[in-house]
Amino acid sequence: MDSLRGKTIYEALGGPEGIRSLVEAFYPKVQQEPLLGPLFPEDITPVIEKQYLFLSQFFGGPPLYSEQYGHPMMRARHMPFPVTVERAEAWLGCMSRALAETVSDPELRAAVLERLKGPAYHFINS
Ligand code: HEM
């Protein structure tokens, strides 16, 4: 991707600190989103941690998620939850707002969102 100038998204976001601030901005929005909040446990901390591990790996950083939890199989891991097209779009909307708060480069924000769109729609199961 040209806007990344050969960097991984992980590097462009600023490595561990960047991923951390993104997921910490994201989950409070998920919790407040009526379509999404009720699917998640009240204590969101373990979910933030897993997403930190997963996105580090997904965006080209170290394979932290697989080291702890094995093959991601993310669609399968979402099967217990009814993921509808409305929920996929709400999820991406929360991510878009979290990016607006934590990432200043608009091209990088667009690249991140684009990379997440595929999996979000792929996880639709209801
Ligand atoms: C499409 C809309 C989505 C919905 C409604 C959704 C919902 C959920 C829910 C309810 C959980 C379980 C939380 C828990 O009880 O522990 C979860 C876990 C998770 N989600 Fe999603 N999710 C969506 C999209 C995504 C996307 C696009 C990604 C990343 C590409 C993602 C990554 C994860 C990860 C890493 C976990 C933790 C998996 C584990 O337990 O190890 N999700 N999601």
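Please refer to the structure higher up on the page.
Report on the accompanying structure. No experiment lies behind these values; they were computed from the predicted model shown. (Residues numbered from 1 in each chain as written. Predicted model: local features only at pLDDT ≥ 70, side-chain atom pairs only at ≥ 80, totals over all residues.)

1. A word on the nonpolar core
One finds Leu13, Leu22, Phe26 and Met95 to be the most contacted residues of the largest nonpolar core, which totals 24 residues. Going through the elements one at a time, helix H1 (9–12), helix H2 (15–32), helix H3 (45–58), helix H6 (85–102) and helix H7 (106–122) are the ones with two or more residues in this core. Leave out the neighbours within four places in its chain, and Phe26 touches Cys94, Met95 and Ala98. (Core = buried A, V, L, I, M, F, W, Y, C linked by C-beta atoms within 7 Å. Buried ≥ 20, exposed ≤ 12 C-beta atoms within 10 Å, placed from the backbone. Helix = DSSP H or I, 4+ residues; strand = E, 2+ residues; numbered from the N terminus. Contact = placed C-beta atoms within 7 Å.)

2. Some remarks on the site of the ligand
The immediate surroundings of the ligand are formed by 22 residues, with Leu39, Phe54, Ala88, Trp91 and Pro119 found nearest. Of all the secondary-structure elements, those providing two or more residues to the shell around the ligand are H3, helix H5 (74–77), H6 and H7. Per element, the largest residue contribution to the shell around the ligand is five residues, and it comes from H3. Taken together, the residues of the shell around the ligand break down into 17 nonpolar, two polar and three charged. (Near = placed C-beta within 6 Å. Nonpolar A, V, L, I, M, F, W, Y, C, P; charged D, E, K, R; others polar.)

3. A word on the packing of H6 against H7
Across the interface, H6 lies against H7 with an axial gap of 10 Å and an inter-helix angle of 160°. When the axis of H6 is compared with that of H7, the two are roughly antiparallel. Crossing angle aside, the handedness with which H6 passes H7 is right-handed. Contact with H6, carried on its side by Ala88, Trp91, Leu92, Met95, Ser96, Leu99 and Ala100, involves Arg109, Val112, Leu113, Leu116, Lys117, Ala120 and Tyr121 of H7 and no other residues of that element. In terms of residue class, the contact of H6 with H7 is made up of eleven nonpolar, one polar and two charged. (Axes fitted to C-alpha atoms, helices over the stretch in contact; angles between N-to-C directions. Parallel < 35°, antiparallel > 145°, perpendicular 65-115°, else oblique. Left-handed = near helix turned anticlockwise from the far one by under 90°.)

4. Topic: the environment of Ser104
Positionally, Ser104 belongs in the loop between H6 and H7. Each C-alpha atom, one on Ser104 and one on Leu13, is 9.8 Å from the other, the two residues being 91 residues apart in sequence.

5. Considering the packing of H2 against H6
At a minimum axis distance of 8 Å, the contact between H2 and H6 shows a crossing angle of 135°. Here H2 lies oblique to H6, going by the angle between them. Like other packed secondary-structure pairs, H2 and H6 cross with a definite hand, here right-handed. On H6, the residues touching Ser21, Leu22, Ala25, Phe26, Lys29 and Val30 of H2 are Cys94, Met95, Arg97, Ala98, Leu99, Glu101 and Thr102.

6. Considering the environment of Ser126
With respect to the helices and strands, Ser126 occurs in the segment after H7. Looking at Ser126, the number of C-beta atoms within 10 Å reads 9, which means it is exposed. Sequence separation between Ser126 and Thr84 is 42 residues; the distance between their C-alpha atoms is 5.2 Å. The contact partners of Ser126, leaving out residues within four places of it in the chain, are Pro82, Val83 and Thr84.

7. Some remarks on unusual backbone geometry
Phi at Arg5 takes a positive value of approximately 50°, unusual for a residue other than glycine. In this structure, Arg5 sits in the segment before H1. A tally of 8 C-beta atoms within 10 Å means that Arg5 is categorised as exposed. Phi at Met73 is positive, roughly 40°, even though this residue is not glycine. Position of Met73 relative to the elements: it lies in the loop between helix H4 (64–69) and H5.

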